[in-house]
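These are the residues of each chain, in order.
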Amino acid sequence: MDSFYWPIVMPSSLHQFIIAAAIVTPFAHIPLFAHKVEAGFPSPADDYIEGRLSLDEHLIQHRDATFFVRAKGHSMMGAGIFDGDLLVVDRSLTPASGDIVIAVLDAELTVKRLVWRDGLVILKPENPDFQEMVLKDGQELQVWGVVTSTTKKFN
Amino acid sequence: MPIALVDCNNFYVSCERAFNPELEGKPVVVLSNNDGCAVARSNEVKALGVKMAEPWFKMEQLAKRHGIIALSSNYALYGDLSARVMSLLSTFSPKQEIYSIDECFLDLDGFDLQSLVAYGQTIRRTIKQYVGIPVCVGIAETKTLAKLANHCAKKRLAGRDGVCDFGRYSDTQLSKLFATIPVNDVWGVGRKISQSLIAMKIETVEDLRTANQTRMRQQFSIVVERTVKELNGISCIELDGTDTPRQQIMVSRSFGQEVSNFDDLAESIAYFASTAAEKLRKDGSVATSLCVFIQTNPFKDKSPQYQRSLIVPMGEPTGDSIKLVNAAIQGLRVIYRVGYSYKKSGVLLMGLQSRDAIQASLFDDAAEQDKSSKLMTLMDTVNQRMGKGSVTIAASGTKRRWSMRRDSKSPDYTTAWDELPIAR
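So, how was this worked out
Residues numbered from 1 in each chain as written. Chains lettered and ligands numbered in written order. Predicted model: local features only at pLDDT ≥ 70, side-chain atom pairs only at ≥ 80, totals over all residues. Heavy atoms only, no water. Pairing = 2+ DSSP bridges. Helix = DSSP H or I, 4+ residues; strand = E, 2+ residues; numbered from the N terminus. Axes fitted to C-alpha atoms, helices over the stretch in contact; angles between N-to-C directions. Contact = heavy atoms within 4.5 Å. Salt bridge = Lys/Arg side-chain N within 4 Å of Asp/Glu carboxyl O. Buried < 20%, exposed > 50% of the residue type's maximum accessible area, 1.4 Å probe, protein only. Core = buried A, V, L, I, M, F, W, Y, C linked by side-chain atoms within 4.5 Å. Phe/Tyr/Trp six-rings, centres within 6.5 Å; stacked < 30°, edge-to-face > 60°.

Residues and elements named next belong to chain B. Read from one edge to the other, the open sheet built from five strands follows the order β5-β6-β1-β7-β8, with strand pairing classed as mixed. Each of the sheet's edge strands pairs with one partner strand only, and the pair in question is β5 (96-100) and β8 (163-165). For this sheet, the mean inter-axis angle between neighbouring strands, taken without regard to orientation, is 15°. Strands in contact with helix α6 (residues 143-155) are β1 (3-8), β5, β6 (103-107), β7 (135-140) and β8; relative to β7, the strand with the most contacts, it is inclined by about 140°.

Pasting the structure below:
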């Protein structure tokens, strides 16, 4: 049947259908086997598939509020964030002191550690070559999102 | 039964701003396909007097003088952010009706009436924080009133901080308020009807609310009578749109033989879009956006799986096959990936409205509209007489390259790995 492949679209379920299809390009699913596959045998291991591990599931808590951001430069090397890394950013989290955040600075996005110290709000780079930025009195800091992880591809 | 209408403010502009802080506080306009005319305006641009659907060449001088930033439409971005917003909004109510790419109704039946305003504020804060999109919330007893309440919130005629609950106002206060709002701001009152209403001295929302219902039905239609009832708090339009003309038209099919190249897929999409457009016109409706989707065969475990859909906004509501086919193909370009065997594709027309009920402002280019509607009528007549498919849109099979002028499109921040936002 036609509708078998595709969820029947009703106004109320439309959003689900769009979500399902508009997911940020998913990571490949890696099947988890309980036992090693015996070569040459008609795949008895299939019975032992216990579900697949998904990096999406591992790295993303709030799908609708999670965005990917590309790190540029070396200011956060000390935190393990290098030039070209992929940052997973969750906008639903409320930023707390010590969090690595994406903030808006001079109309640009910047990644720094957010620190509250002695009543001051500080954006702290994790690299001694960079200066930390202390917010002046009355200056408002716009936090774009909280960085929850970083990933790096080797090839 | 309280209903909320949640509507994103200047949606496309807000999407652009969410990823480009430079645009904050500056006059920004988003242009339609081929960079033709304004389909979204920031408040700064509205203040300069730029009208909806105004052609770019007409405002170029003004733009230069005031530093208006003009952006081409970025469908991938708007579609993705819309999906996120709608998904989040669905968590605020057991019943949601998505009305268009940037607005939806939420059923608030059974919620504590005293705290609806606070609830509206929570909705507003959440969407702004999670996705970066500012929204307004209108709350009232009927869909028509909820729409109006939203309008009031947006224009700051009533309510506070982007939330307006008519339940917080007395009848006298509402009468006073409605007397200040022109009748064509009412949902479902289009240009034609509002002209006739004004000729009958029904000029404000209050005039229409207190108009004689029987007379309205006789003079116009049951639709206008229903609008009057709805303005009086009598709910006539179900939340799921069950007693209104259909809200969506879907045309899709599974292929006998899986296809993998773009041209074949485009051919099917073009066919589906024009078939859907024909149904649309038969209903006397126009669509505000369309959704194009493609899918591999989920039962073939071994072969690589892929499925994507994309909402393509239409700029102005249209029933024009050419425009719809064009938009569908452009959407397909965004979601198509090489290397998959596709089993199914389809087109879904969304945000359907009655052709007569379109907000007047969108139809400034009346001559163009007229031309297009004549051509479509001709097409439908020929197809009726000579058989289905006698005249079709030459979109496909002809290997035509669909190039769209998109001079200043922003990156696909959320849908392309090599176009992600950058943080230093």
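Now that the structure has been shown, the text picks up again.
To continue, consider the pattern of salt bridges. Tallying each qualifying case throughout the model produces 17 salt bridges over all chains. Between A:Glu132 and A:Arg117 there is a salt bridge, with the nearest N and O atoms lying 3.6 Å from each other. Taken together, the residues A:Glu132 in the loop between β7 (120-124) and β8 (133-134) and A:Arg117 in strand β6 (residues 108-117) connect sequence positions 15 residues apart. Owing to a relative accessible area of 33%, A:Glu132 belongs among the partly exposed residues under this scheme. For A:Arg117, a relative accessible area of 36% corresponds to the partly exposed category. The partner of B:Glu225 in a salt bridge is B:Lys229, and the shortest N-O contact between them spans 3.9 Å. Placement of both B:Glu225 and B:Lys229 in helix α11 (residues 222-231) is noted, with a separation of four residues, approximately one turn of the helix. Shared partners join several salt bridges into a network, and the residues in it are A:Arg113, A:Lys124 and A:Glu126.

As a further point, take the environment of B:Ile98. Residues and elements named next belong to chain B. Along the chain, Ile98 turns up in strand β5. With relative accessibility at 8%, the residue Ile98 sits in the buried group. Note: C-alpha distance between Ile98 and Ile269 (171 residues apart in sequence) is 23 Å.

What follows covers the nonpolar core. Grouped together as the largest cluster of nonpolar side chains are 57 residues, with contacts concentrated most on A:Leu87, A:Ile102, A:Val111, A:Trp144, B:Phe11, B:Leu81 and B:Ile133. When residues of this core are assigned to their parent elements, the largest contribution, seven residues, is made by helix α4 (residues 75-90) of chain B. The contact partners of A:Val111, leaving out residues within four places of it in the chain, are A:Ser75, A:Met76, A:Ile81, A:Leu87, A:Ile100, A:Val101, A:Ile102, A:Val147, B:Ala423 and B:Arg424. Judged by nonpolar contacts, the second largest core, of 37 residues, contains B:Ala76, B:Val251, B:Ala266 and B:Ile269.

A few words on α11(B). Each α-helix winds once per 3.6 residues, and so residues spaced three or four apart point in a common direction. Residues and elements named next belong to chain B. Where burial is concerned, most of α11 is hidden: seven out of the 10 residues are buried. Three or more residues of α11 are buried, namely Val224, Glu225, Arg226, Thr227, Val228, Glu230 and Leu231. Where α11 is buried, its residues meet α6, α8 (191-199), α9 (205-209) and α10 (213-219). Directly after α11, the chain includes Gly233, whose backbone phi takes a positive value near 85°.

A few words on the sheet that holds strand β4 (residues 86-90) of chain A. The strand order β8(A)-β7(A)-β6(A)-β5(A)-β9(A)-β4(A)-β3(A)-β14(B) describes an open sheet built from eight strands, whose pairing is mixed. Looking at the sheet topology across the chains shown, the edges are occupied by β8 of chain A together with β14 (422-423) of chain B. Judged from the two bridges that link them, β7(A) and β8(A) form a sheet pairing that is antiparallel. Bridging across to β8(A), A:Ile122 finds its partner in A:Val134.

Time to look at the packing of aromatic side chains. Counted under the stated rule, the structure contains 19 aromatic pairs over all chains. With a centroid separation of 5.6 Å and an interplanar angle of 65°, the aromatic rings of A:Trp144 and B:Phe19 are classed as edge-to-face. Highlighted residues: A:Trp144 in strand β9 (residues 142-151) and B:Phe19 in helix α1 (residues 11-19), drawn from two different chains. Relative accessible area serves as the criterion here: at 4%, B:Phe19 is assigned to the buried category.

So, about unusual backbone geometry. Residue and element names in this part refer to chain B. Non-glycine residue Asp161 carries a positive phi angle of around 45°. Mapped onto the elements, Asp161 comes out in the loop between α6 and β8. In this structure, Lys201 is a non-glycine residue whose phi angle is positive, near 70°. Topologically, Lys201 is positioned in the loop between α8 and α9. Accessibility expressed as a relative area gives 63% for Lys201, which makes it exposed.

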